[in-house]
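Residue-level listing of the chains:
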Amino acid sequence: MTARTPAVVLGAGLNGLGVARSLAREKVPVWLLDTDERRCEMRTNAATAMKVRSLQGQTLIEDIVELAATRFAGSRPVLFLTQEETVKTISRHREQLDALYRLTLPPEPVVEALLHKEGFQRLAEKLGSPIPPMVHVRSLADLPAIENLRFPVVVKPGERNADYGHQFKKAYRVENLPDAQKLIRTILPVMPDIVVQEWIEGPDSTIYFCLQYLHPDGHVAASFTGRKIRSWPPQVGGTASCVAAAEFHDELSAITAQFMHAAGVVGMASMEYKRDVRSGEFRMVEPTIGRTDYQEEVATLNGTNVPYAAWCSEVGLPLPRANGGQKPVVWRVQSEDSQSAAAQGHSGAEAYPAGYQIADALWRWSDPVPGLAQSMGRVQRALYNRTLKLLRGSSAAGSK
């Protein structure tokens, strides 16, 4: 039964797709759940796709409880989470789900603290971790405190928020105090939860990350260190392309494991760093707790299958060995990487390591339908927009 224990991945997107592909390559049966069954990632041959009504809140709990009873009676699948709001929901209902699913999470207070940037900042400062100074702004009364920061700074929300995401960028680099004050005054009415942190100097390629799975007893079951090649938008956006960073693995893996252990973190976790070009020192940026990282699959592609190590740990099987020493594999979101390269005046492959191979985040010859579905969707939207434009032009001409 253990060898056939399924995995349930909550949330598709490129994150969920990468996790599904990582598990499927080790013959783990995967179920990929999302609210939108039309997403191109839901067309993967690496998983059985299923629609749920929500990826957070009581509705999600009802759906996965029913799924456990109707599809997985007696098998207790391993649960993989891909979104912060899902982590919050599952953490708060962990006792209800424990008999139905296998999932290792930190204690709930640890989850709640580390999912908020201020909570992480305070804990990192308490533990003496390498982190830049930060000010938490909840109201205009907190604005004077940012005068003590060294500019430039980065301005971003304290935690993920849908209203913020609809109106603002993920983060902003701000060069001076007046511009920071102006931006914060614009954001506060929408989200009174803003963090302002000293900027760490360096291009996208100085952003590193360490992906880990920590066994319930605290030891590191799997660890992989990578670095971004480009972000989109540059400097403040998400990962557009990334690769392994074996040269800093020992250092960053040790720092990450030390922080996670001291903070009481177990299960799936990662830490993002930036290497300050002025000093050469690494500074912590933010953790990911209880879920897989957006670019989690880059570890699998470079020989360290973190999701499979998590699955083995949860079902009690021997942990897989990392398989290093191969050609570097670049994990790339093609459209975003191209936009980032163009915005920075790069040629497409200029920043890739020597002898690299490319694994597109969506397109794979072994799993072609997600990529084909995305292309068909783009063609359909283009035709629809062109037809709409022609109809409007004809209507305008007829009214003259």
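Preceding block: the structure.
Residues numbered from 1 in each chain as written. Predicted model: local features only at pLDDT ≥ 70, side-chain atom pairs only at ≥ 80, totals over all residues. Heavy atoms only, no water.

Asks: Would you take a moment to explain unusual backbone geometry for this structure?
Replies: Trans is the common state for peptide bonds, and a negative phi is the common state for residues other than glycine. Geometrically, the link from Phe151 to Pro152 is a cis peptide bond, its omega value of 5 degrees lying close to zero. With respect to the helices and strands, Pro152 occurs in the loop between strand E5 (134-137) and strand E6 (153-157). Non-glycine residue Lys27 carries a positive phi angle of around 70 degrees. Judged by its relative accessible area of 71%, Lys27 is exposed. Positive phi, close to 50 degrees, is recorded for Arg76, a residue that is not glycine. Following the sequence through the fold, Arg76 ends up in the loop between helix H2 (57-70) and strand E4 (78-81). (Helix = DSSP H or I, 4+ residues; strand = E, 2+ residues; numbered from the N terminus. Buried < 20%, exposed > 50% of the residue type's maximum accessible area, 1.4 Å probe, protein only.)

Asks: Please explain the packing of aromatic side chains as it appears in this structure.
Replies: The description of an aromatic ring pair rests on the distance of the ring centres and on the angle between the ring planes. Evaluated as defined, the whole model comprises 10 aromatic pairs. Look at Trp31 and Phe72: their rings are 5.1 Å apart centre to centre, the planes differ by 85 degrees, and that puts the pair in the edge-to-face class. Taken together, the positions of Trp31 in strand E2 (residues 30-34) and Phe72 in the loop between H2 and E4 put the pair 41 residues apart, joining distant regions of the chain. A relative accessible area of 14% places Trp31 in the buried class. (Phe/Tyr/Trp six-rings, centres within 6.5 Å; stacked < 30°, edge-to-face > 60°.)

Asks: Explanation requested: helix H8 (residues 177-187) in the structure shown.
Replies: Count 3.6 residues to each turn of an α-helix, and residues three or four apart come out pointing the same way. For H8, the full list of buried residues reads Ala180, Leu183, Ile184 and Ile187. The buried residues of H8 occupy an angular sector of 100 degrees when the element is viewed end-on, so they sit on one face. In H8, the exposed positions angled more than 90 degrees off the buried face are occupied by Pro178 and Lys182. The inward-facing, buried residues of H8 contact E5, E6, helix H7 (162-167), strand E7 (172-174) and strand E8 (194-198). Between the side-chain oxygen of the N-cap and the backbone nitrogen of Asp179 there are 2.9 Å, and the N-cap of H8 in question is Asn176. (Arc of directions from axis to C-beta. Contact = heavy atoms within 4.5 Å. Polar contact = N/O pair within 3.5 Å; in protein donor to acceptor, adjacent residues only side chain to side chain.)

So, to be careful, I would describe these as geometric facts and stop short of saying anything about function.
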